[in-house]
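What follows is the residue order along each chain.
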Amino acid sequence: MPPKHKNELYKESSRKKDVRTSNIEAAKAVADAVRTSLGPRGMDKMVAAANGEVIITNDGATILQKMTVTQPAAKMLVELSKSQDVVAGDGTTSVVVICGALLKKCQELLEKGVHPTIISDAFFKAANKACEILEGIAIPVNLEDREALLRAATTSLSSKVVSQYSSLLSPMAVDAVLKVMDPARPNLLDLRDIKVVSKVGGTIDDSEMVDGMVFDQKAAKSAGGPTRMEDAKVGLIQFQISPPKTDIENNVIVSDYNQMDRVYKEERNYILAVVKKIKASGCNVLLIQKSILRDAVTDLALHYLAKAKIMVVRDIERDEIELISKTLGCLPIAHVDNMKPEKLGSAALVEEVEVGKGRVVKITGIANKGRTATVLLRGSNKLVLEEADRSLHDALCVIRCLVNKRFLIAGGSSPEVQVSMQLGHWSKTLQGMESVCVRAFSEALEVVPYTLAENAGLNPINIVTELRRMHAAGEKYSGINVKKGTITNMLEENVVQPLLVTTSAITLATECVRMILKIDDIVPVR
Ligand code: ADP
Ligand code: MG
């Protein structure tokens, strides 16, 4: 029965088409949701969680991460933005916008009857070519050139809610990264060596870089212990100063006063012995790691520590230990028997100070301080402060990108227009469907200037046409000057961004599109 057979075949392929189409539609919807926040004139989003928590942000990765997305292909866009955040840190909106535009082109190509595999292969080639073109127009940057680094950090901050503070935050980002970078091994740069402490109170203008360390918690002073210590010997301990617990859950029943006394006495002796050993090592500031097994420090222990004039900072997080020991040059101590003077760090001053509405502990004058940096961010409220933190993160990442790959390109959509133009020329040298697909890819990149113009309230069609004309005339750094609403040379406007941000955005977006294209069915499993 040939007709039936034919019918079945047709049905199956239509289902595959449906799956593909619905995936593309869903992913495009996600891309459209963040489109309006691209660029310095882009809008911000207010993200409201079900529990009443509100955040205001312009960061693509953050918006998407908080968005409730259930469609599997749409989730891939969320992941895409996250990967851009990991690779480059900035460009998290751009990557999604580019991906959306590529998907739209895919849809058109699929409707024309081009096979998904052909599109996928052509896009892969086009993305590689695009990176080549970008490398061709990139400008080498020297890490000694502080001005250039500052310009890149400022561009990244210019699209943020806190952009008016970029003159303060950019130097902070540059200095922090250069401080933690080992000139001999710059590729080992780790942004976790930069500690950012946020404290509500004051304005962002009050933020500072601290030459030392800051802890977000107060000193423990319930027992009247010191809150200021000069000539400090700091011990970082991972053991608990509290009575040990038995391995298994069991109860001790105390039936008379004598026995109770003995229990107290035992506890007291145990703690006293620990405190004595600590004191004997010369330690006068104690940083105590949080413990899940038992109380890290009891009231009784605090009492004896206060008597011994030892300053105590408790609730140190496990993941902070590495940074602290690196900064202070001390070693974490896992058992009281290992309390040795050589394991302590020295600092001129450890002091609890008032910052805004709260208090922090500051350590300054650290002897042989490691390669770490601490930024104390201030803001008038939690919303601003959190966004400042995220924006600073982007600026730090921009500098890290420049350390890893020392090239800058102009911003303001000039690279996208340039790549689009050159890819267009290149597509003419290709044959058949490949040429059509590469052409489509090149057109998709124009979404960046289009969106930047749209968000700035300019006429996108006029702007894009004018940009094309300028680039065709050899003005390869022309871009959209969103402040003046015209087209100018972006290098002269000091709008520059790392090469890595744009190449990774194009590569990752293409990868994501290819993955979505290759999916022809969704298989639910239990
Ligand atoms: P992303 O999350 O992708 O970094 P942004 O909102 O930061 O998104 O916008 C980045 C885009 O804005 C880039 O294309 C960049 O070139 C452009 N841009 C940034 N600053 C300026 C500026 N001062 N003038 C014009 N374009 C700018
Ligand atoms: Mg940005």
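Residues numbered from 1 in each chain as written. Chains lettered and ligands numbered in written order. Predicted model: local features only at pLDDT ≥ 70, side-chain atom pairs only at ≥ 80, totals over all residues. Heavy atoms only, no water.

S.K.: Help me understand the site of ligand 1 in this model?
M.R.: The local shell around ligand 1 holds 21 residues, among which Asp90, Thr93, Ser94, Ser159 and Gly412 are the closest. With respect to ligand 1, the backbone of Thr92 contributes an N or O atom lying 3.3 Å from an oxygen atom. A distance of 2.6 Å separates an oxygen atom of ligand 1 from a polar side-chain atom of Ser94. Summarising the interface, the protein chains cover 95% of the accessible area of ligand 1, which totals 570 Å² for the free molecule. When residues of the shell around ligand 1 are traced back to their parent elements, those giving at least two are helix 4 (92–111) and helix 6 (146–158). (Near = heavy atom within 4 Å. Polar contact = N/O pair within 3.5 Å; in protein donor to acceptor, adjacent residues only side chain to side chain. Areas by Shrake-Rupley, 256 points an atom, 1.4 Å probe, with all protein chains shown as cover. Helix = DSSP H or I, 4+ residues; strand = E, 2+ residues; numbered from the N terminus.)

S.K.: Looking at this model, I keep getting lost on unusual backbone geometry. Mind explaining?
M.R.: Trans peptide bonds make up the majority, and among non-glycine residues the majority have a negative phi. Of note, Lys309 is a non-glycine position whose phi angle comes to about 60 degrees, a positive value. Take Lys309: it is sitting in the loop between helix 9 (299–307) and strand 9 (311–316). Lys309 sits in the exposed class, given a relative accessible area of 55%. Although it is not a glycine, Asn494 sits at a positive phi angle of roughly 65 degrees. Along the polypeptide, Asn494 turns up in the loop between strand 16 (486–489) and strand 17 (496–498). (Buried < 20%, exposed > 50% of the residue type's maximum accessible area, 1.4 Å probe, protein only.)

S.K.: Would you mind going over the pairing of strand 12 (residues 358–366) with me for this structure?
M.R.: Consecutive side chains along a regular strand alternate between the two faces of the sheet. As defined by bridge partners, strand 6 (residues 212–215) adjoins strand 12 across four bridges and the pair is classed as antiparallel. Of the residues in strand 12, the one forming a bridge with Val214 is Lys362. Here strand 11 (residues 345–355) runs beside strand 12; their pairing, made up of eight bridges, is antiparallel. Paired with Val353 across the bridge in strand 12 is Val360. Here strand 11 hands over to strand 12 after two residues, with Gly356 in that stretch at a positive phi of 55 degrees. (Pairing = 2+ DSSP bridges.)

S.K.: Is there a simple way to think about the packing of helix 14 (residues 447–455) against helix 15 (residues 460–472) in this case?
M.R.: In helix packing, the relevant descriptors are the interaxial angle and the interaxial distance, both defined with respect to the helix axes. As a packed pair, helix 14 and helix 15 sit with axes 8 Å apart at the nearest point and diverge in direction by 135 degrees. With respect to helix 15, the axis of helix 14 lies oblique. Considering only the axes of helix 14 and helix 15, their crossing is right-handed. Contacts from Pro449, Tyr450, Ala453 and Glu454 in helix 14 reach Pro460, Ile461, Ile463, Val464 and Leu467 in helix 15. Residues that form the contact of helix 14 with helix 15 fall into these classes: eight nonpolar, no polar and one charged. (Axes fitted to C-alpha atoms, helices over the stretch in contact; angles between N-to-C directions. Parallel < 35°, antiparallel > 145°, perpendicular 65-115°, else oblique. Left-handed = near helix turned anticlockwise from the far one by under 90°. Contact = heavy atoms within 4.5 Å. Nonpolar A, V, L, I, M, F, W, Y, C, P; charged D, E, K, R; others polar.)

S.K.: Just to check I follow, could you spell out the packing of aromatic side chains for this structure?
M.R.: Note on aromatic pairs: each is described by the distance of the centres and the angle between the planes. One pass over the structure, following the stated rule, counts one aromatic pair. Aromatic side chains Phe123 and Phe441 sit 5.3 Å apart centroid to centroid with 75 degrees between the ring planes, which places their arrangement in the edge-to-face category. On the criterion of sequence distance, the pair formed by Phe123 in helix 5 (residues 116–137) and Phe441 in helix 13 (residues 432–444) is long-range, its members being 318 residues apart. (Phe/Tyr/Trp six-rings, centres within 6.5 Å; stacked < 30°, edge-to-face > 60°.)

S.K.: Hey, could you run me through the environment of Leu169 in this one?
M.R.: Here Leu169 is to be found in helix 7 (residues 166–180). Note on Leu169: relative accessible area 0%, which makes it buried. Note: C-alpha distance between Leu169 and Ile204 (35 residues apart in sequence) is 8.9 Å. Aside from chain neighbours lying at most four places away, what touches Leu169 is Leu157, Val162, Ile204, Leu377 and Leu392.

S.K.: What should I look at first to understand the confidence of the model for the protein in this one?
M.R.: Detailed reading of the predicted model is not advised wherever pLDDT is low. Mean pLDDT over the protein: 88, with 98% of residues reaching 70 or higher. The secondary structure element of the protein with the lowest average pLDDT is helix 1 (residues 2–35), at 72, and the one with the highest is helix 12 (residues 414–427), at 94. (pLDDT = per-residue confidence, 0-100.)

S.K.: So what exactly am I meant to see when it comes to the pairing of strand 7 (residues 228–237) here?
M.R.: In this sheet, strand 11 lies alongside strand 7 in antiparallel orientation, the contact comprising six bridges. Residue pairing across strands places Glu230 opposite Leu349, the latter belonging to strand 11. In the sheet, strand 7 pairs with strand 8 (residues 285–289) via four bridges, with the strands oriented parallel. Residue pairing across strands places Leu236 opposite Leu287, the latter belonging to strand 8. In this structure, strand 7 lies alongside strand 10 (residues 332–333), joined through two bridges in parallel fashion. Bridging from a neighbouring strand, Ile237 pairs with Ile333 of strand 10.

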